[in-house]
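Descriptive structure summary
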Amino acid sequence: MPDLVVECPVRLTESNRDELRLLYADLRDHYARRDARDGTRTTLHFVWSGVLDPELFGATYADQRHVFAASRPILNSARDAGGLQETNRWLSGSAQPNGASLRT
């Protein structure tokens, strides 16, 4: 089964957390159907722009864990003036009790 990576450029603000939860659910459902149909496994790569507030990012990361659970690998990165910086927030299964990252 081929692996695909889809980049999702997004900006995190205090006012868009509800919209992001809806986006996560829509993406989960869309790629679950598409992957089942095409025999693929899609990794969603959220590329965050702007300054990432740690508290807001922690909250949206928790939303991602809740919405995606073990349905697919998720990667979060931040884009800054120096380029793309991995946030060390891979999500590919149920949450670890100690908050450790999961990589697949």
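**Structural notes on the overall build of the chain**
For the chain, the count of helices and strands is 2 helices and 4 strands. Along the chain, helices and strands appear, N-terminal first, in the series β-α-β-α-β-β. Classification of the 104 residues of the chain by burial places 38% in the buried group. A fraction of 63% describes how many contacts in the chain between residues 6 or more apart in sequence connect residues 24 or more apart.

**Topic: helix α1 (residues 17-38)**
A rise of 1.5 Å per residue sets the reference length of α1, with its 22 residues, at 32 Å; its end C-alpha atoms lie 31 Å apart and thus fit the reference within 8%. Burial in α1 covers these residues: L20, Y24, L27, Y31, R34 and D35. For α1, the angular spread of the buried residues around the axis is 115°, confining them to a single face. Opposite the buried face of α1, at more than 90 degrees from it, the exposed residues are L22, D26, R33, A36 and R37.

**Digging into the pairing of strand β1 (residues 3-11)**
With 9 bridges joining them, β1 and strand β2 (residues 41-49) adopt parallel strand pairing. The residue of β2 that forms the bridge with E7 is H45. A crossover links β1 with its parallel partner β2, the connecting element being α1, and its sense is right-handed.

**Looking at the pattern of salt bridges**
By the definition in use, this model includes 6 salt bridges. One salt bridge connects R28 with D29, and the closest N-O pair in it is separated by 2.9 Å. The exposure class assigned to R28 is partly exposed, which follows from its relative accessible area of 25%. What makes D29 partly exposed here is its relative accessible area of 32%. The salt bridge partner of R72 is D35, with a shortest N-O separation of 2.8 Å.

**Re the environment of N16**
Relative to the helices and strands, N16 is located in the loop between β1 and α1. The buried category is assigned to N16, whose relative accessible area is 17%. A sequence separation of 44 residues divides N16 from T60, and the C-alpha atoms of the two residues are 9.9 Å apart.

**With respect to the confidence of the model for the chain**
Across the chain, the average pLDDT comes to 77, with 74% of residues at 70 or higher. Confidence over residues 88-104 falls short of pLDDT 50; this stretch has 37 contacts with residues more than four positions distant or in other chains.

How each quantity is defined
Residues numbered from 1 in each chain as written. Predicted model: local features only at pLDDT ≥ 70, side-chain atom pairs only at ≥ 80, totals over all residues. Heavy atoms only, no water. Helix = DSSP H or I, 4+ residues; strand = E, 2+ residues; numbered from the N terminus. Buried < 20%, exposed > 50% of the residue type's maximum accessible area, 1.4 Å probe, protein only. Contact = heavy atoms within 4.5 Å. Expected span 1.5 Å × (residues − 1). Arc of directions from axis to C-beta. Pairing = 2+ DSSP bridges. Right-handed = clockwise from strand over helix to strand, strands pointing away. Salt bridge = Lys/Arg side-chain N within 4 Å of Asp/Glu carboxyl O. pLDDT = per-residue confidence, 0-100.

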